[in-house]
Amino acid sequence: MESRNYDVVILGSGPAGLQAAIHAARRKVSVLVLGKKDQSSMYHHHIENYAFLFKTTGDEMLKVGMQQAESFGAEFMEEDILKITSNESSFEFVAESGSRIVARTFIIATGTNRKRLGVPGEKTLIGKGVSYCVDCDGNFYRGEDVAVIGGQSAAVDGALIMTGIAGQVHLVCDALLVPEPLARRLSESTVHVHQGVEVREIAGKDRVDGLVLSDGTELPVTGVFVELGAKGLLELAGSLGVQFDDEMKHVQTDKKQATNIPGIYAAGDICGPPWQLAKAVGEGCVAGIEAAAYAKRHHPIDT
Ligand SMILES: Cc1cc2nc3c(=O)[nH]c(=O)nc-3n(C[C@H](O)[C@H](O)[C@H](O)COP(=O)(O)OP(=O)(O)OC[C@H]3O[C@@H](n4cnc5c(N)ncnc54)[C@H](O)[C@@H]3O)c2cc1C
């Protein structure tokens, strides 16, 4: 598949990503923003503590932010990224539809939240069969039967990865929310899909030994991967050598929002607390300016 080229790619269309897009696009470099606005942690919330706006809603702010970024030339693709690779002068991204994108530099603005299921057994069995990262822990389940929970890109991609490692792989979701090419890969795979059901309980005393679904089905699995939402930062950027804090939760950046890897910047919740819109926007502004300058210093990419 042919790739699309940009100077700056921004992963995340929350406040950090949108502010970065506005500042980068105004510097006359080509900008692509990836991510889904309804996946931003502010989407469903009322905001009362952001200066200049007395009371507003997250979805309204995101809508206006996208319009602003678009008016300066930023392009949008409402898709998650599943994979990033690098070579000496550029980064290549694979989106959930299979589209390929190449960029001179990129900004990580993917927010931070490993969503939990909130069912009995989950908390007590974390690290004892319950995991939140197929890419990190999948290899521990070689030949075993596992379940991946979720209907979005991280879960479907995770289940497909596990078919090359585990025994029987189950995918449990209330609905499948992925583009056609990924859905097709799933239907052509050996993954056993349980759609229209919820997880009621993760069973096991000292280790996971099963999964109970809302329709009464009991799956005899030893591994449960909770993959609700998009691929997280650890999976995406970890392989490129991006430096994290000691708990491996947040990206470390300098005052220019630059990571330890030239050409990779980060902004917003992914850089650590306080988890606030004002901080996300401030860091997005710096990251957008710096990434655009980096792209210009390293010759804008042919589009
Ligand atoms: C319940 C609640 C209430 C809140 N109330 C307030 C408040 O009143 N005031 C305040 O200041 N803050 C509040 N916050 C915090 C605020 O929402 C966050 O600080 C802010 O949204 C962080 O912005 P961000 O851009 O870093 O990440 P997010 O807004 O979370 O955006 C992340 C983006 O990354 C994208 N993404 C993720 N993974 C991928 C991938 N693999 N590929 C491509 N894109 C990806 C998502 O689709 C999304 O677009 C609240 C948060 C919550 C949860």
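Residues numbered from 1 in each chain as written. Predicted model: local features only at pLDDT ≥ 70, side-chain atom pairs only at ≥ 80, totals over all residues.

Trainee: Break down helix H7 (residues 277-297) for me, with residues and values.
Mentor: Here H7 contains 21 residues, and its C-alpha end-to-end distance of 30 Å stays within 8% of the 30 Å for a straight helix at 1.5 Å per residue. Those residues of H7 that fall on the buried side of the exposure criterion are Leu 277, Ala 280, Val 281, Glu 283, Gly 284, Ala 287, Gly 288, Glu 290, Ala 291, Ala 292, Tyr 294 and Ala 295. On its buried face, H7 is in contact with strand S1 (3-11), helix H1 (15-25), strand S3 (46-47), strand S8 (100-108) and strand S17 (264-266). Directly beyond the C-terminal end of H7, a positive phi value near 60° is found at His 299. (Helix = DSSP H or I, 4+ residues; strand = E, 2+ residues; numbered from the N terminus. Expected span 1.5 Å × (residues − 1). Buried ≥ 20, exposed ≤ 12 C-beta atoms within 10 Å, placed from the backbone. Contact = placed C-beta atoms within 7 Å.)

Trainee: If you had to explain the sheet that holds strand S15 (residues 218-219) to someone new, which residues and values would you point to?
Mentor: Strand order across the open sheet formed by three strands is S13-S14-S15, with antiparallel pairing between neighbours. Of all the strands in the sheet, just strand S13 (199-203) and S15 have a single pairing partner and so form its edges. One ladder, built from four bridges, connects S13 with strand S14 (residues 210-213); its direction is antiparallel. Within the sheet, the bridge partner assigned to Glu 201 lies in S14 and is Val 212. (Pairing = 2+ DSSP bridges.)

Trainee: Go over the site of the ligand with me, naming the residues and quoting the values.
Mentor: In the vicinity of the ligand lie 36 residues, with Gly 12, Gly 14, Gly 35, Gly 111 and Gly 268 positioned nearest. Listing elements by their share of the shell around the ligand, those giving two or more residues are H1 and H7. Among the residues forming the shell around the ligand, the class breakdown is 16 nonpolar, 14 polar and six charged. (Near = placed C-beta within 6 Å. Nonpolar A, V, L, I, M, F, W, Y, C, P; charged D, E, K, R; others polar.)

Trainee: Kindly report on helix H4 (residues 153-163), identifying the contributing residues and their values.
Mentor: By the criterion of burial, H4 is predominantly enclosed, with nine of the eleven residues buried. For H4, the full list of buried residues reads Ser 153, Ala 154, Ala 155, Val 156, Asp 157, Gly 158, Ala 159, Leu 160 and Met 162. Considering only its buried residues, H4 is in contact with strand S6 (81-86), helix H3 (134-137), strand S10 (146-149), strand S11 (169-173), helix H5 (180-187) and strand S16 (223-226).

Trainee: Can you explain the environment of Ile 10? Please cite residues and give values.
Mentor: Position of Ile 10 relative to the elements: it lies in strand S1. Given 35 C-beta atoms within 10 Å, Ile 10 falls into the buried group. As a C-alpha pair, Ile 10 and Leu 32 span 22 residues in sequence and 6.2 Å in three-dimensional space. Apart from residues no more than four positions distant in its own chain, Ile 10 is found in contact with Gly 17, Ala 20, Ala 21, Val 31, Val 33, Leu 34, Phe 106, Ile 107 and Ala 109.

Trainee: Give a detailed account of the packing of H4 against H5, specifying residues and quantitative values.
Mentor: In contact at an axis separation of 10 Å, H4 and H5 are set at 35° when each is read in the N-to-C sense. The two elements H4 and H5 meet at a crossing, and its hand is left-handed. Listed contacts from H5 to Ser 153, Val 156 and Leu 160 of H4 are Leu 182, Arg 185 and Leu 186. (Axes fitted to C-alpha atoms, helices over the stretch in contact; angles between N-to-C directions. Left-handed = near helix turned anticlockwise from the far one by under 90°.)

Trainee: Describe in detail the sheet that holds S16, supporting the description with residues and values.
Mentor: Strand order in the open sheet formed by five strands is S9-S16-S10-S11-S12, and the pairing between neighbours is parallel. Of all the strands in the sheet, the pair left with one neighbour each is strand S9 (130-131) and strand S12 (192-195). As paired strands, S11 and S12 are joined by four bridges and run parallel to one another. Looking at the pairing, Val 172 lines up with His 194 of S12.

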